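Analysis of the macromolecular model
Listed below are the residues making up each chain.
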Amino acid sequence: MFEVQSDIKALEGMGPIGRDELKHHHHHHMGWGDLGVFGEPSKETPNLDLMAAQGMLFPNFYTANPLCSPSRAALLTGRLPVRNGFYTTNAHARNAYTPQEIVGGISPDEILLPELLKKKDYVSKIIGKWHLGHRTQYLPLKHGFDEWFGSPNCHFGPYNNSVCPNIPVYNNSEMKGRYYEEFEINVKTGESNLTQIYLKEGLDFISQQAVAQRRFFLYWAPDATHAPVYASKHFLGKSQRGRYGDAMMELDDSIGQILAHLVSLGIHNKTLVFFTSDNGAAVMSGPLQSGSNGPFLCGKETTFEGGMREPAIAWWPGRIPAGTVSYQLGSVMDLFTTSLSVAGVLPPDDRVIDGLDLSPVLFNNSLLDRPIFYYRGNQLMAVRIGQYKAHYWTWSNSWEEFNKGINFCPGQEVPGVTTHTQEEHTMQPLIFHLGQDPGERYPISTCLFPDLSLFHLRVTAVVEQHQKDLIPGMPQLNMCDLAVMNWSPPGCEQLGKCLKAPESNPWKCDWPH
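Residues numbered from 1 in each chain as written. Predicted model: local features only at pLDDT ≥ 70, side-chain atom pairs only at ≥ 80, totals over all residues. Heavy atoms only, no water.

In the annotation of an unreviewed UniProt entry, the entry for the chain reads N-acetylgalactosamine-6-sulfatase, and the organism field reads Cyprinus carpio. Recorded in UniProt for the chain, the comment headed Cofactor (unreviewed entry) runs: "Ca(2+)". In its Subcellular location (unreviewed entry) section, the UniProt entry covering the chain states "Lysosome". (UniProt positions renumbered as here; feature names shortened; annotations may be inferred.)

Now the structure itself:
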C-alpha cells in the first residue's frame, strides 16, 4: 500500500493460490484532488495515473479518521479508532494524534496485520512514518513488523534538543540519527533526500524477498507531503504547483519505480499493491504546504468530504482488471481484511472488525452494501450510505482557533454547515446527495428526493445498531508528559545522541480541534 502524507501503503501478500505479495503505499496528507487521474490541472502524476489505468480506481474511498495517527491505527487493526483506542475523551469530538509528548500508543490488546500474516510466513517491513506511539513498547518491531526504516513521528522541527528533542530515525529497533541532524531537511529550501532513502529501502527489501522467494508485506509510508514539505534536489522547483507539487512528483516517481521493480523481478502478477492516503489535504497549511481535495469541502481535521475521502488505486496485473473504476464505498480498514483474505489468513474472531474483504470488488467488480462512519474523536459525526450522507454533528474549528488564523475550510464557508461551534443535528440530520453535490453545499429536503425517506429510515437503523453494539476501547491519547519525548531512544548510546529528559509531570493533553 502506498500512503502519502497522506501515507503510502503497500500491501504485498500471498494468496491461497501461488505466492501473492502484499504491498501498501500510504502517503501522508495527500488530497483526493492531487492526482492527474482525478483532474488535478497540472497533470504531474503520470505514474499514479498509469497505475490507475492498469488497475482499479476508487473515487469513493475513505480514511477512518480525518488525521494521521488514528487512520494508521485503523489501517493496521481493521478497526475504527473509537474501538482500537486511538482517540481522546478529554473533550467532545476532538482530533487526537501522537505528538512527542503523548504517553500512549497502540494498545497491546490490538492485533496488527503483520502479526497475523506471520501465520503464512510473511516478512513484513514498514518504511517511513509509524505514528502509533514512539515509546519503546509501542514501536513496530514489538507489533509484528520484522523490519523498519523510518520514524515514529512526523518530521516537525528543527528543535534545539534542550526544550524539545529532534525526532529519531530508526533502522529496525535502534535509532540511526535524528531529523535535521544526521537526516537533513532544509526547511528554508525544502530540500531533503529522505524520499530517495525510503525508496531505496523499499526496492532493496522487495529484491531480497523476491530472491529468497519469501512472501512479504511492505507498508511504504513516506511523509514528504506533510508540512514542512520536502523534495530532493532533482525534483525541487519542477512542479507548476510549488514545493508541495515537487514532493508529489517525487512520490509519484517513486511509486513508478516500485511498480517497475515488481515487473522486472517478475513478481507483479502475484503482488497486490494498494495506494491511498491517511487523511485529506491539510488545506489549513496554505497552498505552498498542502495539496488539493478537488471538489470536496474543507480538509484534514474535519469530517466533511475533504477531510476523509482519499485517493485510492488497487493494482494487481492479471488479477485486477485494468482500467476499471469501482463505485464501492471503501475504507482504509478494508485493507486489513482484504490483505488477510488474499493471504489466506482468517481475521481474529474475538473482536469487532470494521474492515470489509474487498476481494469480490477487486476480482469480480462486485458492489458491497455498507455504511461509512465519519468519527471525530469520541463522536460519530456523519454516516454515508449509497449516495447520501447524513451529518449528525457539524464543526470545522472553534471561533477562538479560527480567529487566530487557523482555517480548516479556506474559501469554503458554507453557512450552517462549516460551523465554528459544535452543532448537533441528531433530530434532523443535514443530508447531502454526494453524487449531485460532492462539495456538501446544498442540504436537501425530502420533497426534492423521493427516496430520501427510505435513506433516513435506513441510516437511523444503522446508527442505532452501531451505537448499541459499540464498546469503545480504552482511550490511549488522553495523557501527555514532556519526560516521554524522544530524549534517549534505543541506540542513542552508541551514537552519543542521548539527551537528558526533564522530570515526569503528566497532564491531560489539550486537543483544541
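1. A short note on the sheet that holds strand 15 (residues 330–331)
One open sheet accounts for three strands, arranged 12-5-15; its pairing is mixed. Either end of the sheet is taken by a strand with one partner, and the two such strands are strand 12 (309–310) and strand 15. Across two bridges, the pairing between strand 5 (residues 61–62) and strand 12 is antiparallel. Of the residues in strand 12, the one forming a bridge with Y62 is R309. (Pairing = 2+ DSSP bridges. Helix = DSSP H or I, 4+ residues; strand = E, 2+ residues; numbered from the N terminus.)

2. Overview of the state of the cysteines
Applying the stated criterion to the full structure yields three disulfides. In this model C298 forms its disulfide with C409; the gap between the sulfur atoms is 2.0 Å. Looking down the S-S bond of the C298 and C409 bridge, the torsion is 100°, so its handedness is right-handed. One end of the pair, C298, is in the loop between strand 11 (271–275) and helix 7 (305–308); the other, C409, is in the loop between helix 10 (399–403) and strand 20 (423–424), and 111 residues separate them in sequence. Two residues share a disulfide in this structure: C492 and C498, whose sulfurs sit 2.0 Å from each other. An S-S torsion of about 95° defines the bridge between C492 and C498 as right-handed. Residue C492 is classed as buried on the basis of its relative accessible area, which comes to 0%. In the chain, the bonded cysteines, taken in the order they occur along the sequence, pair up as 1-2, 3-6, 4-5. The closest cysteine sulfur to the non-disulfide-bonded C68 is located on C154, 4.7 Å from its own sulfur. Residue class for C68 comes out buried when judged on its relative accessible area of 2%. (Disulfide = S-S within 2.5 Å. Buried < 20%, exposed > 50% of the residue type's maximum accessible area, 1.4 Å probe, protein only.)

3. Examining helix 5 (residues 194–211)
Taking 1.5 Å per residue as the helical rise, helix 5 with its 18 residues ought to reach 26 Å, and the 26 Å between its terminal C-alpha atoms agrees with that figure. When we look at burial in helix 5, the residues that qualify are L194, T195, Y198, L199, G202, L203, F205, I206, Q209 and A210. At the exit of helix 5 stands Q213, carrying a positive phi of roughly 55°. (Expected span 1.5 Å × (residues − 1).)

4. Observations concerning the nonpolar core
Most often, soluble globular proteins keep nonpolar side chains buried together rather than apart. Grouped together as the largest cluster of nonpolar side chains are 73 residues, with contacts concentrated most on F58, L76, W130 and F217. Ranked by size, the runner-up nonpolar core spans 44 residues in total, among them W32, V169, L218 and M248. (Core = buried A, V, L, I, M, F, W, Y, C linked by side-chain atoms within 4.5 Å.)

5. Observations concerning the packing of aromatic side chains
Taken as a whole and judged by the stated rule, the model has 17 aromatic pairs. The interplanar angle of 70° and the centroid separation of 6.3 Å between the aromatic rings of F149 and F183 together place this pair among those described as edge-to-face. With F149 in strand 7 (residues 147–151) and F183 in the loop between strand 9 (174–178) and helix 5, the pair connects residues that are 34 residues apart, well separated along the chain. We note that F149, like F183, is buried. Here the aromatic rings of W399 and F402 are separated by 5.8 Å at their centres, their planes lie at 75°, and the arrangement is edge-to-face. Placement of the pair is W399 and F402 together in helix 10, with a separation of three residues, close to one helical turn. You can call W399 partly exposed: its relative accessible area is 47%. The ring of F363 carries R319 above its face, with NZ or CZ at 4.2 Å from the centroid. (Phe/Tyr/Trp six-rings, centres within 6.5 Å; stacked < 30°, edge-to-face > 60°. Lys NZ or Arg CZ within 6 Å of the ring centre and 35° of its normal.)

6. Notes on the packing of helix 5 against helix 6 (residues 243–264)
Each pair of packed helices can be summarised by the angle the axes make with each other and by the distance between the axes. Between helix 5 and helix 6, the shortest axis-to-axis distance is 10 Å and the interhelical angle comes to 10°. With respect to each other, helix 5 and helix 6 are oriented roughly parallel. Residue-level contacts link T195, Q196, L199, L203, I206 and S207 of helix 5 to E250, L251, S254, Q257, I258, H261 and L262 of helix 6. Of the residues in the contact of helix 5 with helix 6, the class split is six nonpolar, six polar and one charged. (Axes fitted to C-alpha atoms, helices over the stretch in contact; angles between N-to-C directions. Parallel < 35°, antiparallel > 145°, perpendicular 65-115°, else oblique. Contact = heavy atoms within 4.5 Å. Nonpolar A, V, L, I, M, F, W, Y, C, P; charged D, E, K, R; others polar.)

7. Brief notes about the pairing of strand 7
Regular strands have side chains that alternate between both faces of the sheet. The buried fraction of strand 7 is high, at five of five residues. Bridge count for strand 6 (residues 123–129) against strand 7 is five bridges, and the pairing is parallel. Bridge pairing in strand 7 places G128 opposite G150.

8. A short note on the side chain of D34
Counting through the fold element by element, D34 comes out in the loop between strand 3 (21–28) and helix 1 (46–54). For D34, a relative accessible area of 1% gives the class buried. A polar side-chain atom of D34 sits 2.5 Å from a polar atom in the side chain of Y244. Not counting residues within four places of it along the chain, the set of residues in contact with D34 comprises E40, T45, R241, Y244, M248, G291 and S292. (Polar contact = N/O pair within 3.5 Å; in protein donor to acceptor, adjacent residues only side chain to side chain.)

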